[in-house]
Amino acid sequence: MQANGGGQGQNPELSCLNNAQNGESSSAGAAHSNGLISSDNNGSAVSTNNGVAVGTTPGSAAAPAATVSGSDVGSATKKKKRLSQSEEDVIRLIGQHLRGLGLNQTVDLLMQESGCRLEHAAATKFRNHVMEGEWDKAESDLNELKALMHSPTAIVRMKFLLLQQKYLEYLEDGKVLEALQVLRGELTPLKYNTERIHVLSGYLMCSHPEDLRGKAEWEGKGSGSRCRLLDKLQTYLPPSVMLPPRRLQTLLRQAVEMQRDRCLYHNTKLDSSLDSVSLLLDHACSRKQFPCYTQQILTEHCNEVWFCKFSNDGTKLATGSKDTTVIIWLVDPDTHQLNLLRTLEGHAYGVSYLAWSPDDTYLIACGPDDCSELWLWNIQTGELRTKMSQSHEDSLTSVAWNPDGKRFVTGGQRGQFYQCDLDGNLLDSWEGVRVQCLWCLGDGRTVLASDTHQRIRGYNFEDLTDRNIVQEDHPIMSFTVSDSGRLALLNVATQGVHLWDLQDRVLVRKYQGVTQGFYTIHSCFGGHNEDFIASGSEDHKVYIWHKRSELPIAELTGHTRTVNCVSWNPALPGLMASASDDGTVRVWGPAPFLDIDVEGLNENSCCTMDS
């Protein structure tokens, strides 16, 4: 920072002007901002405010009221603070934004009054030449800008971008010879991005401007394409010379996104446009908008409910029970109430696991440890397509669909691990793997299987290779994988819920609060962008965490026995279901009336009323 008064060592091209910053008097009696006192040519003091004189000429009746001593002038001058770097930055950001709105006179006044410069004079000249399409002058400006840049080699890239625009505009105007000269005589000698030059040369064959714009993915000659060119060029210039494009909007958008990311209960898609939010208030989501409240209790099962799973499109919920039935529920798109669609019967051992096909046409039901059968149902017709059993000694307790929807893998703790088609025909098998839970990754080749060795391994049925991915110190009772395939959520016996990064093969987080013994409890990812995690618990509660926080943000009460499974609707982030040994399925959603305070809800936890 420069000292007041002298201004020695100041770069006049980059910093604020001395007179306005330091409060020096004007020899011509020019008006000064911020109510400073200036002296006119006759020696009378004139008080000015934002450039408007409020004093009178000497000799007038009111003159004594506006006249102050020289010491007062010096005192006022000393009180004038020079702008800090951050204050200068803010003024420049505001100026850039106002200029983008077309308020050029306001920008000129702001810069004049503050003594700041919006951008370097060379940058302004360069901008004008680019927008006017004066390419030779713009190219000449680069020589002046080169001395101001941290990376002089960037000049070549900037020159390439300029010449590319010049070349395309010549082609659009039908000036093929001039375009060819630019290509051969100016672009090629740069010896930069030869692959792009080959592409550009192909545009010479375009017969119509529309053909050129389509192949080049270019909007054509004019202010639009030149503005986009400037945006690219600005990335090579220091911000002290030329501000990055729409910098104020970028900072505001980042602030809004940061507040959203820090909001523990944010569960809706946020429009990236600043027009969709208020900049006058901090972002904050109410817990009452979060699925913490019992919206519906489904009591059609007559025994323990072991599993629940929403369909991939979110329109249906499947629940499996010890009572040997699977019930399919239809989600009302308007009220989000669940209505019974059909009941699938005949699962002699009960239903402990369910898996929807990728297109939601089929549903596979598995039983508990002593079940050697699985059922493949056509949900659209309600008909049983396949009842599969390879051997009465098998234990088929888990299943996972291949992403192609034409195959699935299944297995159990007795050492069976099969890949089958939709008719139950055995395609491949892997011997000696005692499977606890299965998942097919999106590559269509890798199957993840947790086994009795407290680990998750990846199996490739195509090349018959396997590898260790996750190793825990306690039994993995169940696991699920995020939509991206990057994260895995494990329910670990006596430990609770663990989050693993499958790519880096590291434990990311251990979530606290849940009671997990040796019962099989199924947790899930959910909410907008899968930002949340939910799990049942042996203490009869449903726990919800934000993915980045180890402490629960919600503890949902209402069930009276162990909560075996939780499923979050993938299409409706405000809808969740939980299945319990108490024989009920609870459907959770936002508070029915957002202005009603629910008893038991405080700053640290989010609980429903006990229904």
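Residues numbered from 1 in each chain as written. Predicted model: local features only at pLDDT ≥ 70, side-chain atom pairs only at ≥ 80, totals over all residues. Heavy atoms only, no water.

- For the protein, the name recorded in an unreviewed UniProt entry is WD repeat-containing protein 26, with Aldrovandia affinis as its organism.

Let's talk about the overall build of the protein
Then, in step 1: Helices and strands together make up the secondary structure of the protein, namely 13 helices and 31 strands.
Then, in step 2: Relative to its 611 residues, the protein shows a buried fraction of 47%.
Then, in step 3: By sequence separation, contacts in the protein at least 24 residues apart represent 48% of the contacts at least 6 residues apart.
Then, in step 4: Counting only carbon and sulfur atoms, one obtains 49% of the accessible surface of the protein, whose full area is about 29700 Å². (Helix = DSSP H or I, 4+ residues; strand = E, 2+ residues; numbered from the N terminus. Buried < 20%, exposed > 50% of the residue type's maximum accessible area, 1.4 Å probe, protein only. Contact = heavy atoms within 4.5 Å. Areas by Shrake-Rupley, 256 points an atom, 1.4 Å probe, with all protein chains shown as cover.)

With respect to the sheet that holds strand β28 (residues 554-556)
Then, in step 1: Read across the sheet, four strands follow the order β25-β26-β27-β28 without closing on themselves; strand pairing throughout is antiparallel. Looking at strand neighbours, the two that pair on one side only are β25 (524-526) and β28, the edges of this open sheet. Within this sheet the neighbouring strands show an average axis-to-axis angle of 25 degrees, counted without direction.
Then, in step 2: Bridge count between β25 and strand β26 (residues 532-535): three bridges; the pairing is antiparallel. Within β26, the residue paired with C524 across the bridge is A534. (Pairing = 2+ DSSP bridges. Axes fitted to C-alpha atoms, helices over the stretch in contact; angles between N-to-C directions.)

Things to note about the sheet that holds strand β8 (residues 338-344)
Then, in step 1: Spatial ordering of the open sheet is given by β5-β6-β7-β8, a layout of four strands whose pairing is antiparallel. Whereas interior strands pair on both sides, the edge strands pair on one side only; in this sheet they are β5 (305-310) and β8. The average angle at which neighbouring strand axes cross in this sheet is 20 degrees, direction not considered.
Then, in step 2: Bridge count between strand β7 (residues 326-331) and β8: six bridges; the pairing is antiparallel. Directly across from V331, in β8, lies its bridge partner L338.

Some remarks on helix α9 (residues 176-187)
Then, in step 1: Every buried residue of α9 is listed here: A179, V182, L183 and L187. Mapping the buried residues of α9 onto a view down its axis gives an arc of 95 degrees, with all of them on the same face. Seen from the open side of α9, the exposed residues pointing more than 90 degrees away from its buried face are L177, Q181 and R184.
Then, in step 2: In this fold, the buried residues of α9 make contact with α8 (154-172) and α10 (194-202). (Arc of directions from axis to C-beta.)

Re the environment of V199
Then, in step 1: Mapped onto the fold, V199 is located in helix α10.
Then, in step 2: Residue V199 is classed as partly exposed on the basis of its relative accessible area, which comes to 36%.
Then, in step 3: Measuring from C-alpha to C-alpha, the distance between V199 and K215 comes to 9.9 Å, with 16 residues separating the pair along the chain.

Looking at the packing of α8 against α10
Then, in step 1: Taken N-terminus to C-terminus, the directions of α8 and α10 make an angle of 10 degrees; their axes are 11 Å apart at the nearest point. Considered as vectors, α8 and α10 are oriented roughly parallel to each other. Residues F160, Q164, Y167 and L168 of α8 form the contact with α10, whose participating residues are R196, I197, L200 and S201.
Then, in step 2: For the contact of α8 with α10, the residue count by class is five nonpolar, two polar and one charged. (Parallel < 35°, antiparallel > 145°, perpendicular 65-115°, else oblique. Nonpolar A, V, L, I, M, F, W, Y, C, P; charged D, E, K, R; others polar.)

Some details on the UniProt feature "repeat: WD" (unreviewed entry) in the protein
Then, in step 1: Listed under "repeat: WD" (unreviewed entry) in the UniProt record, and renumbered for this structure, are residues 298-329, 344-375 and 556-588.
Then, in step 2: In residues 298-329, helix accounts for 0% and strand for 53%; the two terminal C-alpha atoms are 10 Å from one another. (UniProt positions renumbered as here; feature names shortened; annotations may be inferred.)

Considering the pattern of salt bridges
Then, in step 1: With the rule as written, the count across this model stands at 24 salt bridges.
Then, in step 2: Taking the shortest distance from any N to any O, the salt bridge between E186 and K166 comes out at 3.3 Å. Taken together, the residues E186 in helix α9 and K166 in helix α8 connect sequence positions 20 residues apart.
Then, in step 3: For E186, a relative accessible area of 22% gives the class partly exposed.
Then, in step 4: Relative accessible area serves as the criterion here: at 7%, K166 is assigned to the buried category.
Then, in step 5: Where R457 meets D466, a salt bridge forms, and the shortest distance between an N and an O atom there is 2.7 Å.
Then, in step 6: You can call R457 buried: its relative accessible area is 14%. (Salt bridge = Lys/Arg side-chain N within 4 Å of Asp/Glu carboxyl O.)

As for the pairing of strand β24 (residues 506-511)
Then, in step 1: Strand direction decides the pairing type here: strand β23 (residues 496-501) and β24, joined by five bridges, are antiparallel. In the sheet register, D501 faces β24, and the bridge partner there is V506.

Describing the packing of aromatic side chains
Then, in step 1: In total, this model carries 13 aromatic pairs according to the counting rule given.
Then, in step 2: Ring geometry for F417 versus Y459: centroids 5.3 Å apart, planes at 85 degrees, classification edge-to-face. Residue F417 is located in strand β15 (residues 417-421), and its partner Y459 is located in strand β19 (residues 455-460); the two are separated by 42 residues in the primary sequence.
Then, in step 3: For the pair W430 and Y459, a centre-to-centre distance of 5.0 Å together with 75 degrees between the ring planes defines the contact as edge-to-face. Here W430 is found in the loop between β16 (426-429) and β17 (435-440), whereas its partner Y459 is found in strand β19, with 29 residues between them in sequence. Across this residue pair, the class does not change: W430 and Y459 are buried.
Then, in step 4: Ring pairs connect the aromatic residues F417, W430, Y459 and F461, which therefore count as one cluster. (Phe/Tyr/Trp six-rings, centres within 6.5 Å; stacked < 30°, edge-to-face > 60°.)

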